[in-house]
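Letter by letter, the chains look like this.
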Amino acid sequence: MIKRPEQARLSRLRGLMEQEAVSALLVTRREDVRYLTGFSGSAGSLLLAADKPCLITDFRYKLQAGLQAKGVTVVIQKKDFFTALQDTARRMNVEQLWFDESSLTVEEFKKLKKEGFAPRGRRDMVGLLRRRKDGHELKSIRLAVQRAEASFRELKKYIKPGATEREIGLRLDHLMREKGSHKSAFDTIVASGGNGSMPHASVTDRRLKKGELITIDFGAEANGYFCDITRTICLGAPSARQREIHGLVLQAQTAAINRVSIGTSCQSVDAAARDVIRQAGHGEHFGHGTGHGVGLMVHEGPSVSPLSKDIVEKDMVFTVEPGIYIPGWGGVRIEDMVLATDSGVTLLTTLPRSLEGLKSL
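Residues numbered from 1 in each chain as written. Predicted model: local features only at pLDDT ≥ 70, side-chain atom pairs only at ≥ 80, totals over all residues. Heavy atoms only, no water.

Visitor: Could you clarify how one ought to interpret the overall build of the protein in this entry?
Guide: Each helix and strand counted, the protein has 11 helices and 18 strands in total. Taken over the C-alpha trace, the protein has a radius of gyration of 23 Å; the compact-globule value for 361 residues is 21 Å, and the two agree within 12%. Each of the three principal axes of the protein carries a C-alpha extent, and together these read 70 × 45 × 40 Å. Looking at the protein as a whole, 53% of its 361 residues are labelled buried. Residue pairs in contact within the protein that sit at least 24 positions apart in sequence constitute 64% of those at least 6 positions apart. (Helix = DSSP H or I, 4+ residues; strand = E, 2+ residues; numbered from the N terminus. Rg over C-alpha atoms; globule rule 2.2 N^0.38 Å. Buried < 20%, exposed > 50% of the residue type's maximum accessible area, 1.4 Å probe, protein only. Contact = heavy atoms within 4.5 Å.)

Written out as structure tokens, the structure is:
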């Protein structure tokens, strides 16, 4: 009998719970529930206390939960979630209920207390496990990358003077869906000309112009997992200034990627990119972190930033995405996804990073 990946994940979580003396854990974040059970519904929480975890959901997901959450007891709430949780906890002899401080709201905390629980907050244990991707997760992430990159390659024929940012963004979203994604990983960014100076610019009806830079930040989905890629291209022959700034960002990204190794601090990876940009006189034009984890969420651990306390571990997947944003001029960002391995780092993304990417795709 083939063992489901969720079983191994639950086993690792139980080991961590035992290590930290957590007798009963309430998991409420949708992505955490999916990671541990396979259940992808929008309403469901997991209670881990006995040998067999309990998934509490409502009537809408009765059949779906039974099909997806194999090996898990499914409890269908009759009145509301908190009443069902109380009844389930009583049957499982739960006295102390722990929860993830980063995912439970104040209102939910108050309701737990009202139902007679003595809830205690804890660090995000499931999130710690999710940082290191298993083989099943890596397969889905690689598929998401393939869908995104194939879509971007096909997009090139639509990137022409006169097309609007919105048209290009919608086209790319459509292409990723055509290739199997249920949705885009996030709102696709197409920032042309001066709009490129805003790292997370929203698409507009601005028309593309020959000779300007276009930053495209996009991601596809596969089996609930995402990817996150950014390319900055020039619509036509780039100027010396455009080549200079793009070359500097590429140099910074390369320095950060080369710094990635197991045991290295994520803060150090960030510093490798930031130092290159600062020494070139553009420190004030790079104000965000160098990267973040990607998986069931587009932004998850680890954090690659000046404030990060995270350490690179084997099988972590995260972005490396330095940028330079100059008000009134525009911006450049290059983003790729890396996998930390025993031998160093594997680049999961493969699109050309050259400024003339439109020509070389």
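From this point on, the discussion continues.
Visitor: I'm lost on the layout of surface pockets in this one. Help?
Guide: One water molecule sets the probe size; rolling that probe over the atoms shows where empty space is left. By volume, the largest pocket amounts to about 430 Å³. Around the largest pocket, the lining is made up of 29 residues, and of these F186, D187, I189, H200 and D217 lie nearest the centre. Of all elements in the fold, only α8 (165-178), β12 (291-293) and β13 (300-304) reach the threshold of two or more residues within the lining of the largest pocket. (1 Å grid on protein atoms, 1.4 Å probe; cavity = no way out; pocket = protein on both sides within 12 Å on 5 of 7 lines; lining within 4 Å. Points joined across faces, edges and corners; volume = space filled by probe spheres on them.)

Visitor: How do you make sense of the sheet that holds strand β6 (residues 120-122) when you look at a structure like this?
Guide: Two orientations exist for strands paired in a sheet by backbone hydrogen bonds: parallel and antiparallel. Taken together, 6 strands build an open sheet; the order of strands is β4-β3-β2-β1-β5-β6 and the sheet is mixed. In the strand order of this sheet, the two ends are held by β4 (73-76) and β6, each with one partner. With strand direction ignored, the average angle separating the axes of adjacent strands in the sheet is 30°. In the sheet, strand β5 (residues 98-100) pairs with β6 via 3 bridges, with the strands oriented parallel. Note that in β6 the partner of F99 across the bridge is G121. Seen against the sheet, helix α2 (residues 30-37) touches β1 (25-27), β2 (45-48), β3 (54-57) and β5 and runs at an angle of roughly 60° to β2. (Pairing = 2+ DSSP bridges. Axes fitted to C-alpha atoms, helices over the stretch in contact; angles between N-to-C directions.)

Visitor: I keep staring at the packing of helix α7 (residues 135-155) against α8 and nothing clicks. Help me out?
Guide: The geometry of a pair of packed helices is captured by two quantities: the angle between their axes and the separation between those axes. Two numbers describe how α7 lies on α8: the axes approach to 9 Å, and their chain directions differ by 135°. By the angle between their axes, α7 is oblique relative to α8. The two elements α7 and α8 cross, and the hand of that crossing is right-handed. Each of R147, A148, S151, F152, E154 and L155 in α7 lies in contact with α8, whose residues at this interface are I168, R171, L172, L175 and M176. Within the contact of α7 with α8, the residues separate by chemical class into 7 nonpolar, 1 polar and 3 charged. (Parallel < 35°, antiparallel > 145°, perpendicular 65-115°, else oblique. Left-handed = near helix turned anticlockwise from the far one by under 90°. Nonpolar A, V, L, I, M, F, W, Y, C, P; charged D, E, K, R; others polar.)

Visitor: Looking at this structure, I do not really get the pairing of strand β15 (residues 323-326). What am I missing?
Guide: Within a regular strand, the side chains alternate between the two sheet faces. Going residue by residue along β15, you find G323 and Y325 tucked away on one face and I324 and I326 tucked away on the opposite face as well. Between the antiparallel neighbours β15 and strand β16 (residues 330-333) lie 3 residues, among them G328 with a positive phi of about 85°.

Visitor: So what exactly am I meant to see when it comes to helix α10 (residues 266-279) here?
Guide: Owing to its 3.6 residues per turn, the α-helix brings residues three or four apart onto one side. Across its 14 residues, α10 extends 20 Å between first and last C-alpha, which sits within 8% of the 20 Å expected from 1.5 Å per residue. Taken as a whole, α10 has its buried residues at C266, S268, V269, D270, A272, A273, R274, V276 and I277. The secondary structure elements touched by the buried residues of α10 are α9 (240-259), β13 and β15. Backbone geometry just after α10 places G281 at a positive phi near 90°. (Expected span 1.5 Å × (residues − 1).)

Visitor: Which parts of the structure should I look at to understand the nonpolar core?
Guide: Here is a general trend for soluble globular proteins: nonpolar side chains tend to be buried in one another's company. Counting 57 residues, the largest nonpolar core has L13, L46, I159, I216 and F218 as the members making the most contacts within it. Here the element with the most residues in this core is α7; it accounts for 7 residues. Membership of the second largest hydrophobic core comes to 27 residues, among which are I257, V269, V276 and M316. (Core = buried A, V, L, I, M, F, W, Y, C linked by side-chain atoms within 4.5 Å.)

Visitor: Please clarify how unusual backbone geometry should be interpreted in this entry.
Guide: Comment: phi is negative for the bulk of residues other than glycine, and the bulk of peptide bonds are trans. P302 follows G301 through a cis peptide bond whose omega is 5°. Within the secondary structure, P302 sits in strand β13. The phi dihedral of A21 is positive, around 60°, even though this residue is not glycine. The residue A21 is located in the loop between α1 (5-19) and β1 in this model. Of note, N223 is a non-glycine position whose phi angle comes to about 55°, a positive value. In this structure, N223 sits in the loop between β9 (221-222) and β10 (225-226). Residue classification places N223 among the partly exposed positions, given a relative accessible area of 49%.

Visitor: I tried to follow the side chain of D58 on my own but got confused; where do I start?
Guide: Considering the arrangement of structural elements, one finds D58 in the loop between β3 and α3 (62-68). Given a relative accessible area of 14%, D58 falls into the buried group. Among the polar contacts made by the side chain of D58, one reaches the side chain of R60 at a distance of 2.8 Å. (Polar contact = N/O pair within 3.5 Å; in protein donor to acceptor, adjacent residues only side chain to side chain.)

Visitor: Got a minute to help me understand the pattern of salt bridges in this structure?
Guide: Any two side chains of opposite charge can pair, so long as their charged atoms come close to each other. This structure, assessed with the given rule, holds 24 salt bridges. Across the pair D87 and R90 runs a salt bridge, and its minimum N-O distance is 3.2 Å. One end of the pair is D87 and the other is R90, both in helix α4 (residues 81-91) and 3 residues apart, which spans about a single turn. The exposure class assigned to D87 is partly exposed, which follows from its relative accessible area of 30%. Across the pair D205 and R166 runs a salt bridge, and its minimum N-O distance is 2.8 Å. Of this pair, D205 sits in the loop between β7 (189-192) and β8 (213-218) while R166 sits in helix α8, placing them 39 residues apart in sequence. Looking at R166, the relative accessible area reads 35%, which means it is partly exposed. In the salt-bridge network here, residues are joined through shared partners; they are R29, D32, D100, D124, R130, K133 and E300. (Salt bridge = Lys/Arg side-chain N within 4 Å of Asp/Glu carboxyl O.)

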